Amino acid sequence: MMQPTMSKAGLLLQCGWAFRNPLVPKVIANVPMRYGSAFHEVVANSLEAGVPPKLSLAALPNVAERFGVDAAELREHAQEGYLTLLDWLGGRNAWSMNLLPVPKGAIIIEKAIAYDTVTGKARLVSSVDENHVYTDVTDDEHPGTVDLAINLKAYGKRVPARLRRAVIVLDHKTGMTFDTPRESHQLRSLAVAFCRYWGADRAIVAINHAPRDGVPAIFADELTPAELQAHADLLGPAFQRIGDGSLRPGPECGYCAANSVCPVYGGSLAGLTRELRAMDGSLLEPLQQEAGKAVRPVGQLDLDTPEGLGKLHMILQMMRKMDETYTEVLKQKLREGVVAVRPDGKLSVLKTVERDNLSLASIRRAFTKPGEAARIEKMLRDAGAIEKLPREELRAVDDR
Ligand code: SF4
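Being a predicted model, the structure only gives us computed values, none of them experimental.

1. Considering the overall build of the protein
Check the secondary structure of the protein and you find 11 helices and 8 strands. For the protein, buried positions account for 30% of its 400 residues. Within the protein, contacts between residues at least 6 apart in sequence are counted, and of these 60% link residues at least 24 apart.

2. Details of the environment of Leu247
Checked against the element boundaries, Leu247 lands in the loop between helix H6 (225–241) and helix H7 (268–277). A residue is classified by how many C-beta atoms lie within 10 Å of it, and Leu247, with 16 of them, is partly exposed. Considering only alpha carbons, one finds Leu247 and Cys15, 232 residues apart in sequence, at a separation of 5.9 Å.

3. Looking at the pairing of strand E3 (residues 141–151)
When you tally the buried positions in E3, you get 11 out of 11 residues, the bulk of the element. Two elements, strand E1 (residues 107–116) and E3, share 9 bridges in a ladder whose sense is antiparallel. By the bridge assignment, Lys111 is partnered in E3 with Val146. Pairing analysis gives 4 bridges linking E3 to strand E4 (residues 166–173), with the strands arranged antiparallel. Among the inter-strand pairings, Ala149 is bridged to a residue of E4, identified as Val169.

4. Brief notes about the sheet that holds strand E2 (residues 122–125)
Taking strand neighbours across the sheet as the criterion, the 6 strands line up as E2-E1-E3-E4-E5-E6 in an open arrangement whose pairing is mixed. At either margin of the open sheet sits one strand with a lone partner, and together these are E2 and strand E6 (217–223). Here the strands of the sheet are splayed against their neighbours by 40 degrees on average, with no regard to which way each runs. Contacting E4, strand E5 (202–209) and E6, helix H4 (residues 71–89) runs over the sheet at an angle of about 40 degrees to E6.

5. A short note on H4
Between its terminal C-alpha atoms H4 stretches 26 Å, which fits the 27 Å expected from 19 residues at 1.5 Å a residue. For H4, the set of buried residues is Leu74, His77, Ala78, Gln79, Glu80, Gly81, Tyr82, Thr84, Leu85, Trp88 and Leu89. Where H4 terminates, the next one or two residues include Gly91, which has phi positive at roughly 135 degrees.

6. Quick look at the packing of helix H3 (residues 60–67) against H4
Viewed as axis vectors pointing N to C, H3 and H4 meet at an angle of 120 degrees, and their least axial separation amounts to 9 Å. The angle between H3 and H4 places the two elements in the oblique class. As H3 packs across H4, the resulting crossing turns out to be right-handed. Facing H3, whose interface residues are Leu60, Pro61 and Ala64, H4 presents Ala71, Leu74 and Arg75.

7. Quick word on unusual backbone geometry
The omega torsion of the bond from Leu100 to Pro101 falls at -5 degrees, within 30 degrees of zero and hence cis. With respect to the helices and strands, Pro101 occurs in the loop between H4 and E1. Phi is positive for Glu110, which is not a glycine, with a value near 50 degrees. With respect to the helices, strands and loops of the structure, Glu110 is situated in strand E1. Positive phi values are uncommon outside glycine, yet His132 reaches one of about 60 degrees. Here His132 falls in the partly exposed class, since 15 other C-beta atoms lie within 10 Å of it.

8. Some remarks on the confidence of the model for the protein
For the protein, per-residue confidence averages 83 on the pLDDT scale, and 85% of positions sit at 70 or higher. The model gives residues 293–299 a pLDDT under 50, and that stretch makes 13 contacts with residues more than four places away or in other chains.

9. Details of H3
Taken residue by residue, H3 has Leu60, Val63 and Ala64 as its buried positions. All buried residues of H3 lie within an arc of 100 degrees about the axis, which places them on one face of the element. Summarising the geometry of H3, the exposed residues directed more than 90 degrees from the buried face are Pro61, Asn62 and Glu65. Directly after H3, the chain includes Gly68, whose backbone phi takes a positive value near 65 degrees.

10. Observations regarding the packing of helix H5 (residues 185–198) against H6
Relative to each other, H5 and H6 sit at 105 degrees, their axes nearing to 9 Å. Overall, the two elements H5 and H6 adopt an arrangement that is roughly perpendicular. Residue-level contacts link Arg188, Ser189, Ala191, Val192 and Cys195 of H5 to Leu228, His231 and Ala232 of H6. The residue makeup of the contact of H5 with H6, split by class, is 5 nonpolar, 2 polar and 1 charged.

11. Here's the deal with the environment of Ala71
Structurally, the position occupied by Ala71 is in helix H4. Take Ala71: there are 15 C-beta atoms within 10 Å of it, and that puts it in the partly exposed class. It is 6.0 Å that separates the C-alpha atoms of Ala71 and Pro61, two residues lying 10 residues apart in sequence. Contacts of Ala71, omitting those with residues within four sequence positions, involve Leu60, Pro61 and Ala64.

Here is what the cut-offs are and how they apply
- Residues numbered from 1 in each chain as written.
- Predicted model: local features only at pLDDT ≥ 70, side-chain atom pairs only at ≥ 80, totals over all residues.
- Helix = DSSP H or I, 4+ residues; strand = E, 2+ residues; numbered from the N terminus.
- Buried ≥ 20, exposed ≤ 12 C-beta atoms within 10 Å, placed from the backbone.
- Contact = placed C-beta atoms within 7 Å.
- Pairing = 2+ DSSP bridges.
- Axes fitted to C-alpha atoms, helices over the stretch in contact; angles between N-to-C directions.
- Expected span 1.5 Å × (residues − 1).
- Parallel < 35°, antiparallel > 145°, perpendicular 65-115°, else oblique.
- Left-handed = near helix turned anticlockwise from the far one by under 90°.
- pLDDT = per-residue confidence, 0-100.
- Arc of directions from axis to C-beta.
- Nonpolar A, V, L, I, M, F, W, Y, C, P; charged D, E, K, R; others polar.

What follows is the structure, given as structure tokens:
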């Protein structure tokens, strides 16, 4: 049964119906999930080996085999993500703090913690079992696993005075989409738990974003004591709602494991079909052109109303989720030699294309003499060849 874990904190704060509910189907790990787990394990092995800046790759072939992922891709990807992380820890962060070397006892890597929503205390607990279940937690505890946690109290004057009662919690993400660290309920829950565990009241929450096809980067935000307390205050009532039968539909429904059995949502695919059926004809124009024939509009979606526009946002979110999940399913089938025939008579095929790739990681790989890569990176930044560009994104926020 689905546990109210920190990785599901966003869903937990919206709606408690799915948790500990025997009707909810088990989530089967798909290819991106398995790849993410393999990446986590390789980076954790390296951090635990305590030999920065050298990546420890001895266990990589076994990890790749166990998770059924490509070892060569994993090796290159983990190396890029790890080096970016080391740079960040070494001082290339918004606080200009050099956190290396880490004082003894100040770092926790890939460990489970549980926050008690009644007592407000936190403790380290056993890792998940083979079914991804935390087995030694109580019904009041909110468990989660941190990729990397650092107790800044142990650094003394090496960190700014404001941060001497602070923790860092960092999560690796290998997918293309993610919340900002500040928006991540999972990171907020981890931050609350580690603050309680180490007696701190402020946190830096960070995401080591290492997408499979992109340049790794670390995003981090600082959370104040008031922001952490506000999150802790939400967790108690959210736990109280578990099992009370209430349903609170909202932005998390598209990602909810219960949506196929939920009385309100009625199934993600069924829900999507319903939403698509409600679309205005104008939204189908690109499909009409593609198909070369009329695609009949089957309903109305009023894009002149706040509700219609919000509904469109949710539909797009659900489509992206489907794209992310089913593209991997399709690719895996094609790799296995299964033939896919499209309704237009064409065949779906996998094609490998070669692209030029110049990234911070490729520069660091090519220029290995001390200071050489940093000099080239600085030169490229000064010349404007490495740009920081603003990017507009659609997000869902509470209407408060
Ligand atoms: S689909 Fe939405 S309303 Fe239904 S259980 Fe999940 S979060 Fe709650």
